[in-house]
Amino acid sequence: MNVVVTGLSQTSSAPPLKSSRISKEYLGGTFKALDDVSFELHENQITAFLGPSGCGKTTMLRIIAGLEYPTRGRLQVFGKNVDGPGPDRGMIFQAYTSFPWLTALQNVEYGMKILGVSAQERRERAMSFLKLVHLEKFSNSYPRSLSGGMKQRVALARTLAQNPAILLMDEPFGALDAQVRWEMQELMIELIEREKKTVVAITHDIEEAIYLADRIIFFSRQPGRIKADIPLTFKGGRRYKRKEELLELPGYAELERDLFAMMREEIR
Amino acid sequence: MLESTIVKSRVIPSISLAAASASMDDAPLYIPPKERFLEFRRQPSARRAGLLALIGALAFFGVWELGHYLTPVSARKFLPSIQEVGSALYVLFVERNFAHDVYISCWRIFISFVAAAGIGVPIGILMGSFGNIRALFNPTLTAWRYLPAASFIPLLLVWFGPTDQAKIALLFMGVIFFLISLVLDNTSAIQKEFVEAGLTMGASRFQILRGIVVPAALPAVFDSMRNMIAVSWTYLVIAEIVGAQDGIGAVMMRAGRFLSVDVIMAGILTIGALGVATDLVFRGICLMLFPWNAERRS
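Residues numbered from 1 in each chain as written. Chains lettered and ligands numbered in written order. Predicted model: local features only at pLDDT ≥ 70, side-chain atom pairs only at ≥ 80, totals over all residues. Heavy atoms only, no water.

Caption draft 1: The arrangement of empty space enclosed by the protein in detail. Inspection of the entire model under this criterion finds one cavity of 30 Å³ or more. Lining the largest cavity are Gly90(A), Met91(A), Ile92(A), Phe93(A), Thr97(A), Ala155(A), Arg158(A), Thr159(A), Gln162(A), Ala197(B), Thr200(B) and Met201(B). Among the secondary structure elements, those contributing two or more residues to the lining of the largest cavity are β7 (89-92) and α4 (148-161) of chain A together with α7 (192-200) of chain B. A class-by-class count of the residues in the lining of the largest cavity yields six nonpolar, five polar and one charged. (1 Å grid on protein atoms, 1.4 Å probe; cavity = no way out; pocket = protein on both sides within 12 Å on 5 of 7 lines; lining within 4 Å. Points joined across faces, edges and corners; volume = space filled by probe spheres on them. Helix = DSSP H or I, 4+ residues; strand = E, 2+ residues; numbered from the N terminus. Nonpolar A, V, L, I, M, F, W, Y, C, P; charged D, E, K, R; others polar.)

Here is the structure:
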């Protein structure tokens, strides 16, 4: 069977992330990107932020990352207030962020260098993470000679090698073509399963959200609010690496249809 | 790589596999349309490019030579032939120690440029990185950019007299303000996600500046420096007018007093050749320093 089991262990009492009444206002309150958004993430769960363009899901993710600040509300990681970016929340961007002046290996080492990991350990760990993303043969290549998907895998390895508690992904496969995107999604499922991460992934692709996530938080736009919080119960608490198996599950079609309807409602 | 094997093999009636074609040879050979000289954005091969460059240069010298012979004999000394300029250049080097003037000029360019880059590049990078530093300096520097360097000659003469310092200072002033604004642009143009990636990895501001901003901006900064050293060469003659004793510009100014157009033109050619050489050196340095940024040849 090609099925992996979702770990839903709740070890510490405080959730990995707790957003309490977060609002983000621009232009002195005349534009509300986020309006009173509250939710908790569960440990080792993949949560997808789904919603139309301009619904504030990216703003929410950037607030979690500490790259932007809310106007109101409070954000806590394992019970501690967030006051800026930090390596406990690793981020994968839509734009390619593997540094072009470093080789693939040096890129993966960079994050660990920041954390003060010794040169020896850094190298070994970087190499093992490059293996995980199937780039061990390209350890000495510069990003310039790598494809978009490979660059994104370098960035992924660099972030995972820092061992963040929470992995944030801002439409990480948005710039990739359909086939590479699909390969990356499968790799993602594999890696998250292995590394046991709490993940937030932004997407506006309904199919991607259903495939990757254990839970979908649907954002409505103007103002950005949580429209629906949907646990993907039809998967039966499991993650499926093969998309085609997912398609055969009862409940898949209904969920996809409902999400399309919600999306259509928003863009009207 | 990620491999995908078929989970369950089952018959899919709606999909039929195409039979492999028997042979490729019987398909007619495709004859592309004839290539014309003017094709949008098409790059010539290296050999063709070299040939075209040669034709372009020959055309220039041809027009020059033709101009010389079309000029009435009485005025021909104002537009000397290529041979006359060539022999003037020979005489300059062999009999008048022109190599010393060339050396002095190169040295002035070098010293003034090292000083301008040494001060301008760090300031430009800081201004491009931090909005407050930019706000602090930019309005003042913008005003400086509008002041022609030549307008400082009287001031520099009062301060330094007809010395080397005056000439180097002029070259320095001609370069630094533009260099700062170019480096500022180069730095603020780096992909903002590079800095954000550094922040989310927990890098300090200094680590981001040194490990991300500087390497990300450096190839473009070197390009700006290459462009600005060209500007520096264009200021050379103006700089060496000031109390002309030695240097290429001084030789040219002296020749002007005696209407020796062949010597003036020899000086112009020399500066042009040195400019091309500087450019090549800079390109070489860039290739050496930034192999990761090398243009991919197709």
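Caption draft 2: Local environment of the confidence of the model for chain B. Residue and element names in this part refer to chain B. Per-residue confidence for chain B averages 89 on the pLDDT scale, and 90% of its residues sit at or above 70. Note on residues 1-8: pLDDT is under 50 here. Beyond four places in sequence and across chains, it has 12 contacts. At the level of chain-chain contacts, confidence expressed as ipTM amounts to 0.91, with global pTM at 0.85. (pLDDT = per-residue confidence, 0-100. Contact = heavy atoms within 4.5 Å.)

Caption draft 3: Spotlight on the interface of chain B and chain A. Taken together, the contacts link 28 residues of chain B with 34 residues of chain A. Here chain B and chain A share an interface that buries about 2800 Å² over both sides, 62% of which is from carbon and sulfur atoms. Our count for the contact surface shared by chain B and chain A stands at one salt bridge. Across the salt bridge formed by Glu196(B) and Arg62(A), the nearest N and O atoms sit 2.6 Å from each other. Summed over the shared surface of chain B and chain A, the number is four residue pairs in polar contact (both at pLDDT 80 or more). Those elements that provide at least two residues to the side of chain B that touches chain A are α7 and α8 (205-241) of chain B. (Buried area = accessible area lost by both parts, 1.4 Å probe. Salt bridge = Lys/Arg side-chain N within 4 Å of Asp/Glu carboxyl O. Polar contact = N/O pair within 3.5 Å; in protein donor to acceptor, adjacent residues only side chain to side chain.)

Caption draft 4: Region of the structure containing the domain arrangement of chain A. All names here are of chain A. Assigned domains within chain A: domain 1 (17-88 + 164-267) and domain 2 (99-163). When each unit is reduced to the centre of its C-alpha atoms, the spacing between domain 1 and domain 2 is 25 Å. Listed as interface residues are 15 residues of domain 1 and, on the opposing side, 14 residues of domain 2. Across the domain 1 to domain 2 interface the summed buried area is about 1200 Å²; carbon plus sulfur atoms make up 75%. The interface formed by domain 1 and domain 2 holds zero salt bridges in total. The interface formed by domain 1 and domain 2 contains two residue pairs in polar contact (both at pLDDT 80 or more). It is helix α5 (residues 178-195) that contributes the most residues to the side of domain 1 that touches domain 2, eight residues altogether. Considering only residue class, the side of domain 1 that touches domain 2 consists of 11 nonpolar, no polar and four charged. (Domains from an automatic or database assignment.)

Caption draft 5: Region of the structure containing the nonpolar core. Among the nonpolar cores identified, the biggest contains 91 residues, and Phe39(A), Phe49(A) and Met60(A) are the most heavily contacted of them. In terms of residue count, the dominant contributor to this core is α8(B) (14 residues). Viewed by domain, this core spans two of them, domain 1 (17-88 + 164-267) and domain 2 (99-163) of chain A, each represented by three or more residues. Apart from the residues within four sequence positions on either side, Met60(A) is in contact with Ser19(A), Ile22(A), Leu34(A), Val37(A), Phe39(A), Phe49(A), Leu75(A) and Phe219(A). The next biggest cluster of nonpolar side chains, apart from the first, holds 54 residues, and it includes Ala104(A), Leu130(A), Leu132(A) and Val199(A). (Core = buried A, V, L, I, M, F, W, Y, C linked by side-chain atoms within 4.5 Å. Buried < 20%, exposed > 50% of the residue type's maximum accessible area, 1.4 Å probe, protein only.)

Caption draft 6: Main features of the sheet that holds strand β3 (residues 31-41) of chain A. Residues and elements named next belong to chain A. Read across the sheet, four strands follow the order β3-β2-β5-β6 without closing on themselves; strand pairing throughout is antiparallel. The open sheet is flanked by β3 and β6 (80-81), the only strands paired with a single partner. Alignment of strand β2 (residues 17-26) against β3, held across seven bridges, turns out to be antiparallel. Paired with lysine 24 across the two strands is leucine 34, which belongs to β3. (Pairing = 2+ DSSP bridges.)

Caption draft 7: Looking closely at the packing of aromatic side chains. All chains considered together, the criterion is met by 19 aromatic pairs over all chains. Aromatic rings pair up to connect Phe99(A), Trp101(A), Tyr110(A), Phe113(B), Phe194(B), Phe222(B), Phe282(B), Phe290(B) and Trp292(B) into one cluster. It is Lys243(A) that lies over the ring of Tyr211(A); its NZ or CZ is 5.4 Å from the centre. (Phe/Tyr/Trp six-rings, centres within 6.5 Å; stacked < 30°, edge-to-face > 60°. Lys NZ or Arg CZ within 6 Å of the ring centre and 35° of its normal.)

Caption draft 8: Just unusual backbone geometry, in detail. At the junction of Gln222(A) and Pro223(A), the peptide bond is cis and its omega measures out at 0 degrees in the coordinates. Take Pro223(A): it is sitting in the loop between β10 (215-220) and β11 (225-231). Backbone geometry at Asp36(A) places phi at a positive 55 degrees, although glycine is not the residue there. Considering the arrangement of structural elements, one finds Asp36(A) in strand β3. The partly exposed category is assigned to Asp36(A), whose relative accessible area is 38%. Despite not being glycine, Arg41(B) has its phi angle at roughly 60 degrees, a positive value. The residue Arg41(B) is located in the segment before α1 (46-70) in this model. The class for Arg41(B) is exposed, based on a relative accessible area of 79%.

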